[in-house]
Amino acid sequence: MTLKRCWTVLLLLTLIELSACAEVQPWERGRLAKPHMALDADPLLSSIDAHTYNSKEAASGGNGPAGGGCGCN
Amino acid sequence: MKKLSRTASSLLVSSLSLPGFTELLAAESEANNFQYRYTLYDEEPLPQNVLAQGDPDRYRIKSHQFRFEQDLNERFTLTVEGIHESMSGSSPWYVFPDPDRGPLQVMSGATISETRNEIGLTLGTQNNGVTHAFRGGYSTENDYDAVSAAYTGEYEQQNKHTTLSWGVSYSDDRLSPTDAELFGRIPHAERNSISASFGLTRILNRNALIQSGVQITHQDGFLSDPYKEMWINGGVFFDKRPDQRTAFSWTTRFRQYFVGSNAALHADYRFYDDDWSVTAHTLDLAWHQPFGENFELAPSIRYHSQRAANFYQPAITDGQQPKYWSSDYRLATYGAMRYRLSGTWRAEIWSLALNADIYNSSESLALSGPLFDTPALVDFWRISLGWQISWQ
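A.B. asks: Honestly, the environment of B:Q244 in this entry has me stumped. Any pointers?
C.D. replies: Residues and elements named next belong to chain B. Here Q244 lies in strand β15 (residues 244-258). On the accessibility criterion, Q244 (39% relative accessible area) is partly exposed. It is 5.5 Å that separates the C-alpha atoms of Q244 and Q219, two residues lying 25 residues apart in sequence. Excluding anything up to four places from it in sequence, Q244 contacts H218, Q219, D220, L223, D275 and W276. At a separation of 3.3 Å, a polar atom in the side chain of Q244 contacts the side chain of H218.

A.B. asks: Sorry if this is basic, but what is going on with the pattern of salt bridges here?
C.D. replies: If the charged atoms of two oppositely charged side chains come close together, the side chains can form a pair. Residues and elements named next belong to chain B. One pass over the structure, following the stated rule, counts 25 salt bridges over all chains. Note that E81 is salt-bridged to R135, the shortest N-O span being 2.6 Å. Separated by 54 residues along the polypeptide, E81 in strand β4 (residues 77-89) and R135 in strand β8 (residues 130-141) bring together distant segments of the chain. The exposure classification of E81 matches that of R135, with both residues buried. R338 serves as the salt-bridge partner of D284, at 3.5 Å between the closest nitrogen and oxygen. Placement of the pair is D284 in strand β17 (residues 279-291) and R338 in strand β19 (residues 334-346), with a sequence separation of 54 residues. Residues joined in a network through salt bridges with shared partners are D225, D239, R241, D328 and R330.

A.B. asks: What am I meant to see in a nonpolar patch on the surface here?
C.D. replies: Residues and elements named next belong to chain B. Together, Y36, W345, I349, W350, L352, L354, I383, L385 and W387 line one region of the surface with nonpolar side chains, adding up to about 790 Å² of accessible area. Mapped by element, the contributors of at least two residues to the nonpolar patch are β20 (350-362) and β21 (380-391). By the secondary structure assignment, W345 is in strand β19.

A.B. asks: Looking at this model, I keep getting lost on the environment of B:L40. Mind explaining?
C.D. replies: With respect to the helices and strands, B:L40 occurs in strand β1 (residues 32-43). Placed 130 residues apart in sequence, B:L40 and B:Y170 show a C-alpha to C-alpha distance of 29 Å.

Thresholds applied
Residues numbered from 1 in each chain as written. Chains lettered and ligands numbered in written order. Predicted model: local features only at pLDDT ≥ 70, side-chain atom pairs only at ≥ 80, totals over all residues. Heavy atoms only, no water. Helix = DSSP H or I, 4+ residues; strand = E, 2+ residues; numbered from the N terminus. Buried < 20%, exposed > 50% of the residue type's maximum accessible area, 1.4 Å probe, protein only. Contact = heavy atoms within 4.5 Å. Polar contact = N/O pair within 3.5 Å; in protein donor to acceptor, adjacent residues only side chain to side chain. Salt bridge = Lys/Arg side-chain N within 4 Å of Asp/Glu carboxyl O. Patch = residues over 30% accessible without salt bridge, like charges linked within 9 Å, V, L, I, M, F, W, Y side chains within 5 Å. Areas by Shrake-Rupley, 256 points an atom, 1.4 Å probe, with all protein chains shown as cover.

These figures come from the coordinates and say nothing about function on their own.
Below you can see the structure in the form of C-alpha cells.
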C-alpha cells in the first residue's frame, strides 16, 4: 500500500514537472526571492514546530517520537 | 559556494521525523549567520471534572536553540545547531473507567523534571552541479539517548525552474526509563528509525512556486511508551504497541505572491498514513503581509485531524484480550486547531521575530475515525522569540 502511494505521488510530481508552466527568466524572479515567499523562512522555528508536533500528535513528522529525545510525556 | 537552496532545503521539513533530517533540510541562508531562539511552551491544566488522581498541572518546557552557519572555503560549509530544553510538570498515565462519571484521567505526580540537550553538525559541499549535505547528531536526556545521521542532496536543472531533492536518515535510540525498578518498567530498550524522501520544487510563474515530496519512515524496536499504562478488565498494564511501524507522508507547499498588496499566501498540506491505521490530514495557511521596508506581520492557522491507531482505546472493560493496546491520547482520533501570530523585523544584517501560538484539540474536530472520550487531549500556548545576525 505504501509503495503504491509512493508511485502515485511520484506520478503526480512528474505531471507537475511536465506541466506547461510559464517560462520565467532569471531577472523575473525578484518576487519569488522575497523573504516572505520563502518555503522555510525560519529554520529554528520549523525545527521547534516539528519537535512539538512530533511529541503531541501521532502523525507529525511522519512517525512518532523517533530520535531527538523521547518527547513521550 | 552554493548552499542548499531555500526552496529545496526546506523540502518536506514539516513532514520529516528524524532529527538529523529536519535540521539538515532546513539548512539554507543567504550568508554566514548566527541564530538564537527562545521558546516557552505551556500546557493547560487537566480539568478537575476529568481528573481521577495525580497532579493536573501538565508540561511546561523552556527551549534555547542556536544555529551557526559559516563557509569554510569555496567548497565547504559548516553548520552547527543545538538545543537545550528543560521540562517539568505531570504526564497522563492511564484512563480509569468510572462507572458513574465516565472516563477519568490518572496523572503522574508533579515530580517530572528533566533536561534535554541536542547537538548537530552538518557539512555541505557541491560536486558536478549536485549539492550534498551530511549531518550527524546526538541528543541526550536522563532516560533517552539518540544518535542520528543523515544525507540529503539536490540538483537544480539548467533552466533553474525545477529542483530535485532526495535524502536518507537513520536514528539509533536507547531508552532507560526513570524509576524502572520502583514501578516495574522496562529497564532498558532500543529502537531505530530509517527514512527516505524524494521531492521536487517547481517555479510555476513569476508569482508562484510549488514544492511536493514523499517520505517513507520505518521504525523498529521498542515503540511503546514506557510510562503509559492502560486499564484492562480491572487491572493496569503497561502500554504495548507493535515493534514495527512503517509510515508514508506526502507534503505539498504552495507560495503565491500578490502584487497589489506585496503579500504572500503560504499553503501547506500533508497527508500521512501508517500501518498502525493512523491516517492524518494537516493543513497550514499563512498570510505574510509586509508593512514598510522592515516589518512583516503573519497570521496563520493550522488544522490537524487524525484517525486513531487500531489498538487505541481509553480502557478495556468488556473482557477483550487484545494483542496490542494503548490508551495514549496521542494515538486517539481527534482534531486540533493552532492559531499563530508572527511579527518579524528585518534590518540590514539582523532580524528579530516573535511568534505566539494557541493550540486546542478535541474529538469533535476530527474528520473521521472511531471516537472515544479522550480526557487527556492537550491544549497549550507557546511564545517564541528569535534573533539572527548575518555576515559575509
